[in-house]
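A look at the structure
Chain by chain, the residues:
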Amino acid sequence: MPLFPEDIFTEPTDVDPDTLANLGPLRRLAGEWEARTGVDLNPKADGPERRVYIERVLFEPIDPQTNGPQLFYGLRYHIHINTEEEDITFHDQVGYWLWEPATGLVLQTVAIPRGQVAIASGQAAPDADRLVLTATRGQTEYGICSTAFLEYAFRTDSYRIEILFHPDGSWSYVTDTVLTVHGRAEPFAHRDQNRLTRTKEAVPNPLAQIVTAKSMGRAKS
Ligand code: HEM
């Protein structure tokens, strides 16, 4: 069986407007989250620095997206991190988490305002309690792309995220970002981890809101 269909133009006809009902394993991420228990290991001139951080994450359902016949349901996310000691942002990250129900493909796009982007991919069942996604520098599909300075000074060779969903509704992650730091013989394991608690439920995606409003209007008239 070929991986992709011959017809790359025809879009699916069975698209459900309600993203929250079709997010598979990503459903448990929707909403707003907070934790003060993050731990970061980052590269400094004198060696690894360990910092505890405060994290706020927002995952908003987006309307269904198609690439020809390929259908994704997803979340747009924003991670904001700071620390007790400093007011300045410690880490900021935006992107999308996407789920393709037809194949079990899970994608995370990562954009970091130090001039870096990545697409990580993995496979999961709709009710998975664990997600593992990876991106590798040099790959054209699920790769990592950085500024010329980062390529020279802090080359990012790989990225891996593992998420665990817990029975109490919280979720935790560990990210492993392997950096080749200029002048250092050994790769640096830049690791971040946290466990987050929900502070707000998600609101439905824009199309689902429109469909609901229209059906309520029809019901009134
Ligand atoms: C919770 C997530 C993360 C936190 C809190 C965090 C925090 C940090 C901090 C504090 C530094 C040191 C900055 C400095 O010395 O000026 C750093 C360096 C770096 N991080 Fe992260 N990071 C996170 C995730 C990531 C991810 C996901 C990637 C890439 C996929 C990444 C790529 C890098 C790179 C390339 C550097 C070296 C550049 C530099 O030090 O200027 N980080 N990170």
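Conventions adopted
Residues numbered from 1 in each chain as written. Predicted model: local features only at pLDDT ≥ 70, side-chain atom pairs only at ≥ 80, totals over all residues. Heavy atoms only, no water. Helix = DSSP H or I, 4+ residues; strand = E, 2+ residues; numbered from the N terminus. Buried < 20%, exposed > 50% of the residue type's maximum accessible area, 1.4 Å probe, protein only. Contact = heavy atoms within 4.5 Å. Lys, Arg positive; Asp, Glu negative; His and termini not counted. Charge placed at Lys NZ, Arg CZ, Asp CG, Glu CD. Near = heavy atom within 4 Å. Polar contact = N/O pair within 3.5 Å; in protein donor to acceptor, adjacent residues only side chain to side chain. Nonpolar A, V, L, I, M, F, W, Y, C, P; charged D, E, K, R; others polar. Patch = residues over 30% accessible without salt bridge, like charges linked within 9 Å, V, L, I, M, F, W, Y side chains within 5 Å. Areas by Shrake-Rupley, 256 points an atom, 1.4 Å probe, with all protein chains shown as cover. Salt bridge = Lys/Arg side-chain N within 4 Å of Asp/Glu carboxyl O. Pairing = 2+ DSSP bridges.

**Remarks on the overall build of the protein**
- If you tally the helices and strands in the protein, you get 2 helices and 11 strands.
- Along the chain direction, N to C, the helices and strands of the protein fall in the order β-β-β-β-β-β-β-β-α-β-β-β-α.
- Each principal axis of the C-alpha atoms in the protein carries an extent, and together these give about 70 × 45 × 30 Å.
- By the burial criterion, 40% of the 221 residues in the protein qualify as buried.
- In the protein, the share of contacts with a sequence separation of at least 24, taken over all contacts with a separation of at least 6, comes to 55%.
- In the protein, 21 positive and 31 negative side-chain charges are present, and the distance between their average locations comes to 4 Å.

**Quick word on the site of the ligand**
- Taken together, 19 residues surround the ligand, and among them K44, F90, H91, R114 and H190 come closest.
- Note that an oxygen atom of the ligand is positioned 3.0 Å from one of the side-chain N or O atoms of R114.
- Breaking the shell around the ligand down by element, the ones donating at least two residues are strand 1 (31-44), strand 9 (154-165), strand 10 (171-181) and strand 11 (188-200).
- Class assignment of the residues belonging to the shell around the ligand gives a composition of 9 nonpolar, 6 polar and 4 charged.

**Some points on the side chain of Q116**
- By the element assignment, Q116 lies in strand 6 (residues 116-123).
- Among the residues examined, Q116 registers a relative accessible area of 13% and is labelled buried.
- A distance of 3.0 Å separates the side chain of Q116 from the side chain of S146, its partner in a polar contact.
- Looking at Q116, its side chain comes within polar contact range of the side chain of T156, at 2.7 Å.
- Not counting residues within four places of it along the chain, the set of residues in contact with Q116 comprises V110, A111, I144, C145, S146, L150 and T156.

**Here we look at a nonpolar patch on the surface**
- Taken together, the side chains of L207, I210 and V211 present a nonpolar region at the surface, about 220 Å² in accessible area.
- Its place among the elements puts L207 in helix 2 (residues 206-220).
- On the accessibility criterion, L207 (32% relative accessible area) is partly exposed.

**Topic: the pairing of strand 6**
- Sheet analysis places strand 5 (residues 105-112) next to strand 6, joined by 8 bridges and oriented antiparallel. Residue pairing for strand 6: T109 is matched across the bridge by I119.
- The turn linking strand 5 back onto strand 6 is made up of 3 residues, and G115 within it adopts a positive phi angle of 85°.

**Observations regarding the environment of W99**
- With respect to the helices and strands, W99 occurs in strand 4 (residues 91-100).
- Under the relative-accessibility criterion, W99 is labelled buried at 3%.
- Between the C-alpha atom of W99 and that of P64, which follows or precedes it by 35 residues, the distance is 10.0 Å.

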